[in-house]
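This is what each chain is made of:
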Amino acid sequence: MDPGLNQLLKWSIENSEVPRSDPTSATDNKAERPDWPAGRPLNPDSLRSLMGGPSDADLMKESMAAIRSPEVSVEDKLVAFDNFEQLIESIDNANNMEALGLWIPLVSQLENEEADIRRMAAWCVGTAVQNNVKAQERLLAVGAIPILIHMANEDTNEAVRKKSTYALSSEIRNYQPGLDEAIKALPKTLKPDRAVDAGNMEAVDRIMAGLRKESII
């Protein structure tokens, strides 16, 4: 069964009651099931399934397909990127990127020849990993940190450098493996002379400030 429809069925059962006037009902159904949440809101994807609309997962895949399509204009790709970024502001959607196979296609756009595409790709990366350990783990796993370091330090477009720095900052804060990988990829002049704790915001800020200062003008 479609996951959205399955959720809809559960919601329907949990929010139904035997009519109080029914003489054959000795007790209220929900009273017999105290572990069932009363009036739990319906999942948006389930509601869209009921109405026949696409789920967030469908919209994310459609956006990425447009971004990758050679037949879609850069302007329309940017619209697709904007839609994608808004969708992954939800931590559930960001965490669903792995299952949908969207991490590698997204990271590949960091090296696109169009500066605006690189900028939006970095923006989406930053949104996905911000305060999200699962997404931080995935970004590390797909090898994107050295790419972001290079972009933040050497991209010729200032807007791209800024969004790359944002993505890096979101990746390394409170995530030690990401910080350790970033330090490995830093230019020698920016490497700290001692170990840095990812939970030490002042130390992380110093690394990011040095990267911004070192980046090309």
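Structure shown above.
What counts and what doesn't
- Residues numbered from 1 in each chain as written.
- Predicted model: local features only at pLDDT ≥ 70, side-chain atom pairs only at ≥ 80, totals over all residues.
- Heavy atoms only, no water.
- Axes fitted to C-alpha atoms, helices over the stretch in contact; angles between N-to-C directions.
- Helix = DSSP H or I, 4+ residues; strand = E, 2+ residues; numbered from the N terminus.
- Parallel < 35°, antiparallel > 145°, perpendicular 65-115°, else oblique.
- Left-handed = near helix turned anticlockwise from the far one by under 90°.
- Contact = heavy atoms within 4.5 Å.
- Nonpolar A, V, L, I, M, F, W, Y, C, P; charged D, E, K, R; others polar.
- Salt bridge = Lys/Arg side-chain N within 4 Å of Asp/Glu carboxyl O.
- Phe/Tyr/Trp six-rings, centres within 6.5 Å; stacked < 30°, edge-to-face > 60°.
- Lys NZ or Arg CZ within 6 Å of the ring centre and 35° of its normal.
- Buried < 20%, exposed > 50% of the residue type's maximum accessible area, 1.4 Å probe, protein only.
- Arc of directions from axis to C-beta.

## Let's talk about the packing of helix H9 (residues 145–154) against helix H10 (residues 158–172)
Packing of H9 against H10 brings their axes to within 8 Å, and their N-to-C directions diverge by 140°. Taken together, H9 and H10 sit at an angle that is classed as oblique. Judged by the sense of rotation from one axis to the other, the crossing of H9 with H10 is left-handed. Together, Ile145, Leu148, Ile149, Met151 and Ala152 of H9 and Val160, Arg161, Ser164, Thr165, Ala167, Leu168 and Glu171 of H10 make up the contact between the two elements. When its residues are assigned to classes, the contact of H9 with H10 shows eight nonpolar, two polar and two charged.

## Examining the packing of helix H4 (residues 74–87) against helix H7 (residues 115–129)
In contact at an axis separation of 10 Å, H4 and H7 are set at 5° when each is read in the N-to-C sense. By the angle between their directions, the pair H4 and H7 is classed as roughly parallel. Across from Lys77, Leu78, Phe81, Asp82, Phe84 and Glu85 in H4, the residues of H7 making contact are Asp116, Ile117, Met120, Ala121, Trp123, Cys124 and Thr127. A breakdown of the residues in the contact of H4 with H7 according to their chemical character gives eight nonpolar, one polar and four charged.

## Observations concerning the pattern of salt bridges
Think of it this way: side chains of opposite charge can pair up when their charged atoms draw near. Evaluated as defined, the whole model comprises six salt bridges. In this structure, Glu98 and Arg138 form a salt bridge, with 3.8 Å as the shortest nitrogen-oxygen distance. Separated by 40 residues along the polypeptide, Glu98 in the loop between helix H5 (91–95) and helix H6 (103–108) and Arg138 in helix H8 (residues 133–141) bring together distant segments of the chain. Here Asp116 and Arg119 are joined by a salt bridge, their closest N and O atoms 3.5 Å apart. Residue Asp116 and its partner Arg119 are both found in helix H7; the two are separated by three residues, about one turn of the helix.

## A look at the packing of aromatic side chains
In total, this model carries zero aromatic pairs according to the counting rule given. One cation-aromatic arrangement involves Lys163 over Trp123; the distance from NZ or CZ to the ring centre is 4.0 Å. In this structure, Lys163 packs its charged tip against the face of Tyr166, placed 5.6 Å from the ring centre.

## Observations regarding helix H11 (residues 176–185)
Because the α-helix completes a turn every 3.6 residues, residues three or four places apart line up on one side. Within the sequence span of H11, burial applies to Gly178, Leu179, Ala182 and Ile183. Angularly, the buried residues of H11 cover 135° about the axis, an arc narrow enough to put them on a single face. Residues of H11 that are buried make contact with H8, H9, H10 and helix H12 (201–214).

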